[in-house]
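A closer look at the structure
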Number of protein chains: 2
Amino acid sequence: MHQGQTHAAAYILADGWVCSYKLLRDGTRQIVDFQIPGDFLGLRSVLFRTADHNIEPVTPVEASEVMKSDLLLAFEATPRLATAVLWAASRDEAMVVEHLVGLGRRDAVERTAHFMLELTARLILVGRGSRAGFACPLTQYHLADALGLSSVHVNRVLRQLREDGLLTFHKGLVTIHNFDKLVELAEFDQAYLDHDGPLLL
Amino acid sequence: MHQGQTHAAAYILADGWVCSYKLLRDGTRQIVDFQIPGDFLGLRSVLFRTADHNIEPVTPVEASEVMKSDLLLAFEATPRLATAVLWAASRDEAMVVEHLVGLGRRDAVERTAHFMLELTARLILVGRGSRAGFACPLTQYHLADALGLSSVHVNRVLRQLREDGLLTFHKGLVTIHNFDKLVELAEFDQAYLDHDGPLLL
DNA sequence: CGGATAGTTGACTTGCGTCAATCCGCGTGG
DNA sequence: CCACGCGGATTGACGCAAGTCAACTATCCG
């Protein structure tokens with residue numbers, strides 16, 4: 001999916017990772033979020049006439065397409081579904097907000113730690129990770145574009161986290177050596193992920 | 001409204017400006033967005049059990065409270081209203097995303113210019129501004145907390161924009177001297193604001 | 001006439017970017 | 001089976017955008 005594209009559909013990810021991002025004129029990009037299995041994506045490109053961001057796969061993916069007309073009809077027929085989708089959209093926005101706070105007010109190390117902890121929490125929810133770590137298909141370039149850093153600096157940050165005995169990122173595997181200290185360092189509070197699910201009256 | 005608060009309501013702003021922000025442990029804050037007259041705010045704190053951010057007035061405000069139960073009942077009764085609110089939430093998210101891109105990939109001058117142009121576009125929509133400028137109740141501290149900069153640096157950036165004949169920020173008044181050059185500098189594309197309103201089937 | 005609050009400016013420091021070189025693992029094709 | 005190329009990771013040297021500290025001005029208000 002590309003910026004400016006019309007008639008885009010939405011998807012539910014069954015397997016694999018994708019990332020959504022925006023491109024700037026000078027060729028740099030900013031990754032807004034990664035979606036992992038179970039995530040609903042592309043809602044904005046359905047509600048808006050044209051997509052305002054790009055989505056591309058990080059790994060091979062398996063997904064179900066949800067067509068615009070079906071989605072809007074389902075909202076008419078089942079109002080609770082609309083409320084649930086609204087909740088999902090709000091959770092998405094909460095993640096973007098937390099990401100924004102990181103870019104604005106956390107230094108590179110805290111930001112990276114926070115990012116890893118968010119991924120961990122989300123992956124645990126769908127049974128693909130634990131407090132000890134998870135399989136991570138991202139490259140250091142992905143991290144750089146998500147964290148607003150250069151890939152060189154991401155590498156330095158990862159080295160520091162490794163040397164401090166907090167976390168290693170190697171060969172597609174993130175291993176967390178000290179979960180509690182990482183939480184402390186990143187000032188991570190997962191309230192914004194609202195794990196309890198939609199509130200239906 | 002404060003982080004952690006339960007039973008928060010939502011509001012429709014009739015007059016005045018407010019800002020929503022998150023606080024970090026070290027006392028710094030990151031402003032996520034400002035709301036201006038006509039904006040709907042606090043949706044997330046209604047759908048989630050506890051508010052995940054703070055909202056405070058910038059000026060004296062006038063607003064209508066929308067209670068949680070009324071909102072959810074209205075969704076059941078009027079599915080199109082739910083779709084419309086979903087659209088509004090998506091527009092909100094699109095603004096947060098654009099803000100995030102700015103923090104991650106634009107330098108201080110571009111970021112400030114972009115921010116001013118977004119405010120301009122939004123204020124024009126509600127008849128409180130024009131391409132020539134608008135009344136702006138924000139302090140340079142507000143700008144700093146929104147743009148992820150120090151107030152000292154915001155001051156330097158504003159000076160540069162003034163000296164380049166682009167924009168002045170003085171005494172609660174933003175005056176735009178060269179709209180087109182500002183758009184060019186900030187790489188501003190207002191597609192993400194989707195001015196056409198919700199798409200209802 | 002103090003005493004807030006907001007804005008302004010200069011001098012110095014620093015976190016992160018840029019450039020460049022090197023290394024490593026892997027797949028491909030001669 | 002080895003040579004090569006390529007994407008990703010790693011490291012050092014150097015530069016700059018933005019932060020910090022600190023002093024000063026302007027304005028408003030009781």
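What counts, and where the lines are drawn
Residues numbered from 1 in each chain as written. Chains lettered and ligands numbered in written order. Predicted model: local features only at pLDDT ≥ 70, side-chain atom pairs only at ≥ 80, totals over all residues. Heavy atoms only, no water. Axes fitted to C-alpha atoms, helices over the stretch in contact; angles between N-to-C directions. Helix = DSSP H or I, 4+ residues; strand = E, 2+ residues; numbered from the N terminus. Parallel < 35°, antiparallel > 145°, perpendicular 65-115°, else oblique. Left-handed = near helix turned anticlockwise from the far one by under 90°. Nonpolar A, V, L, I, M, F, W, Y, C, P; charged D, E, K, R; others polar. 1 Å grid on protein atoms, 1.4 Å probe; cavity = no way out; pocket = protein on both sides within 12 Å on 5 of 7 lines; lining within 4 Å. Points joined across faces, edges and corners; volume = space filled by probe spheres on them. Contact = heavy atoms within 4.5 Å. Buried area = accessible area lost by both parts, 1.4 Å probe. Salt bridge = Lys/Arg side-chain N within 4 Å of Asp/Glu carboxyl O. Polar contact = N/O pair within 3.5 Å; in protein donor to acceptor, adjacent residues only side chain to side chain. Pairing = 2+ DSSP bridges. Phe/Tyr/Trp six-rings, centres within 6.5 Å; stacked < 30°, edge-to-face > 60°. Buried < 20%, exposed > 50% of the residue type's maximum accessible area, 1.4 Å probe, protein only. Lys NZ or Arg CZ within 6 Å of the ring centre and 35° of its normal.

Going by an unreviewed UniProt entry, chain A carries the name HTH crp-type domain-containing protein and comes from Puniceibacterium antarcticum.

**Quick word on the packing of helix 3 (residues 79-105) of chain A against helix 3 (residues 79-105) of chain B**
Where helix 3 of chain A contacts helix 3 of chain B, the axes come no closer than 9 Å and their chain directions differ by 15 degrees. What the angle tells us is that helix 3 of chain A and helix 3 of chain B run roughly parallel. Along this stretch, helix 3 of chain A crosses helix 3 of chain B, giving a crossing that reads as left-handed. Residues belonging to the contact of helix 3 of chain A with helix 3 of chain B are distributed by class as follows: 18 nonpolar, four polar and four charged.

**What to know about the layout of surface pockets**
By volume, the largest pocket amounts to about 660 Å³. In terms of lining residues, the largest pocket is bounded by 34 residues, among which Asp-39, Phe-40, Leu-41, Ala-88 and Asp-92 of chain B are the most central. If you list the elements that add at least two residues to the lining of the largest pocket, you get helix 3 of chain A together with strand 2 (18-23), strand 3 (29-35), strand 4 (40-41), helix 1 (43-47), helix 3 and helix 4 (108-125) of chain B. Element by element, the count of residues in the lining of the largest pocket is highest for helix 3 of chain B, at eight residues. Residue classes in the lining of the largest pocket are distributed as 21 nonpolar, six polar and seven charged. Approximately 570 Å³ is the volume found for the second largest pocket. Residue assignment for the lining of the second largest pocket shows that the elements contributing at least two residues are strand 2 (18-23), strand 3 (29-35), strand 4 (40-41), helix 1 (43-47), helix 3 and helix 4 (108-125) of chain A together with helix 3 of chain B. Top element by residues in the lining of the second largest pocket is helix 3 of chain A. It accounts for six residues. Here the lining of the second largest pocket is built from residues that sort into 18 nonpolar, six polar and seven charged.

**Notes on the interface of chain A and chain B**
Across the boundary between the two partners, chain A contributes 56 residues, which contact 56 residues of chain B. Between chain A and chain B lies a buried interface of about 5500 Å² when both sides are counted; carbon and sulfur atoms form 64% of it. Among the residues chain A hides against chain B, the three largest losses belong to Arg-49, Leu-100 and Arg-105 of chain A. Together they make up 14% of the total. Joining chain A to chain B, the criterion identifies 12 salt bridges. For Glu-184 of chain B, the salt bridge goes to Arg-25 of chain A, with nearest N and O atoms at 3.5 Å. The interface formed by chain A and chain B contains 17 residue pairs in polar contact (both at pLDDT 80 or more).

**Thoughts on the sheet that holds strand 1 (residues 10-15) of chain A**
Residues and elements named next belong to chain A. Taken in spatial order, the three strands of this open sheet run 4-1-6, and their pairing is antiparallel. Each end of this open sheet is capped by a strand with a single partner; those strands are strand 4 and strand 6 (62-66). Relative to strand 6, strand 1 is paired through five bridges, and the arrangement is antiparallel. For Leu-13, the partnering residue across the bridge sits in strand 6 and is Ala-63.

**Re the packing of aromatic side chains**
Within this structure, the stated rule accounts for five aromatic pairs over all chains. Taken together, a centroid distance of 6.3 Å and an interplanar angle of 90 degrees make the contact between Phe-188 of chain B and Tyr-192 of chain B edge-to-face. Overall, the relative accessible area of 10% leaves Phe-188 of chain B in the buried class. Taking the relative accessible area as the measure of exposure, Tyr-192 of chain B reaches 2% and is therefore buried. If you follow Arg-29 of chain A out to its NZ or CZ, it ends over the ring of Tyr-21 of chain A, 4.9 Å from the centre.

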